[in-house]
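Close look at the chain arrangement
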Amino acid sequence: MQSPHVETEHYAKCIEISQKVRWDIDKDVIRGREFDFSQKFLPNGLSRIDQLDFLKTDEQRFLSQIQGRTYANMFGFVERFIVAKILEISRNHWLGDQIALEALIRFCDEEMKHQELFRRIEKMIERGMPPGYSFRWDPNEVAAAVLSKSTWAVLGLIYQIELFTQTHYKESIELDDNLSGLYKDLFLFHWKEEVTHAMMDELEWPIEDQKLTPEEREQAVTDLIELVYDVDGILQAQAAADVEYLSRNCERSFREEEKKKILTGVLEAYRWQYIFTGTTHHRFTELLSNLTTEGQRQRISSALAKIG
Ligand SMILES: [Fe+2]
Ligand SMILES: [Fe+2]
């Protein structure tokens, strides 16, 4: 356990980075631009469209744009429960470390702006794509369900989301030169403000952990597993909706087995994007192993193995 002084320095670093990278939606990110629909949105490393080699180039590109639209919408909606939970745990610092409190307030402020950004983006993408796309999740309803679980579990879920945000940008999006420039920039700017979020999750999750009895932690692990299954339920339904939208808007009609292959490929890509890049991230596994017993980690890994 670090001394409170060392932790204050970490929070102070988060404030410093947050001040330095802060951006404006119009002035820095959008800059009067539109999406370039002759380019892909999500890179192949995330969309895995290159594995669906029976799709023509323009069909693959369209599928990467559908996945990219879903990707932006997913962030907009997970950020609803992230803000609510971070506001709630900021209470730990209200009458204590004011540097920590400021860092967490900035975290929430940034996520509020990100939600606004992703709402704007959805409207812009909608104008450039055929009607009928569906992202039916109500951010408030999903947030209420997530927030009914233990804070320990929700912080675990949030931590892995904020780690994968960074991995996706640094290991895939940044490296691909064939993406719409605006789409790529969205996630460049998003990444800049996400770096400190994972740093703060890393400080907050152990604080929450110390409040729990062994029995409560056992339950929290169950809650985390249930949350991951809930995420997977959303991914299954969204993958089906996205593949349906793709097949309705391609010039040719796909055979049943081709449609099945596309659905399997998209679901695998979504599970990779939203579950496994986070849960296999070395920082996630390291912190999780500090907070859990061997038996609890085995429960988590066998639950993940059932997902695929
Ligand atoms: Fe964000
Ligand atoms: Fe974040």
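In this report, we go over the structure that sits alongside the text. (Residues numbered from 1 in each chain as written. Chains lettered and ligands numbered in written order. Predicted model: local features only at pLDDT ≥ 70, side-chain atom pairs only at ≥ 80, totals over all residues. Heavy atoms only, no water.)

Here we look at the coordination of the iron ion (ligand 1)
Protein-derived ligands of the iron ion (ligand 1) are E79 (OE), E111 (OE), H114 (ND1), H190 (NE2) and E194 (OE), with the metal-ligand distances lying across 2.0 to 2.3 Å. Here the donor residues of the iron ion (ligand 1) are spaced in sequence according to E-x31-E-x2-H-x75-H-x3-E. The distance between the iron ion (ligand 1) and the iron ion (ligand 2) is 3.7 Å, with E111 acting as a donor to both metals. One end of the pair, E79, is in helix α4 (residues 57-89); the other, E111, is in helix α5 (residues 98-128), with 32 residues separating them in the sequence. We classify E79 as buried; its relative accessible area is 1%. (Donors = N, O, S within 2.8 Å, 3.2 Å for Na, K, Ca; no water. Helix = DSSP H or I, 4+ residues; strand = E, 2+ residues; numbered from the N terminus. Buried < 20%, exposed > 50% of the residue type's maximum accessible area, 1.4 Å probe, protein only.)

Let's talk about the environment of L42
Along the polypeptide, L42 turns up in the loop between α2 (25-30) and α3 (44-47). Residue L42 is classed as buried on the basis of its relative accessible area of 0%. As a C-alpha pair, L42 and I262 span 220 residues in sequence and 16 Å in three-dimensional space.

Comments concerning helix α7 (residues 151-173)
In this model α7 runs 31 Å from its N-terminal to its C-terminal C-alpha over 23 residues, within 8% of the 33 Å that 1.5 Å per residue would give. For α7, the tally of buried residues reaches 21 of 23 residues, placing the bulk of the element in the interior. (Expected span 1.5 Å × (residues − 1).)

What about the pattern of salt bridges?
Oppositely charged side chains are able to pair whenever their charged atoms sit close together. A complete count under the given rule lists 26 salt bridges for this structure. Here E122 ties to R69 by a salt bridge, and the two come within 2.8 Å at their closest N and O atoms. Here the residue E122 occupies a position in helix α5, and R69 occupies one in helix α4, the gap between them amounting to 53 residues. There is no split in this pair, since E122 and R69 are both buried. One salt bridge in this structure joins E88 and K85, with 3.0 Å as the shortest N-O distance. On the criterion of helical spacing, the pair formed by E88 and K85 is a turn pair, its members being three residues apart in helix α4. E88 sits in the partly exposed class, given a relative accessible area of 43%. Accessibility expressed as a relative area gives 1% for K85, which makes it buried. Taken together, the salt bridges that share partners define one network made up of R31, R33 and D185. (Salt bridge = Lys/Arg side-chain N within 4 Å of Asp/Glu carboxyl O.)

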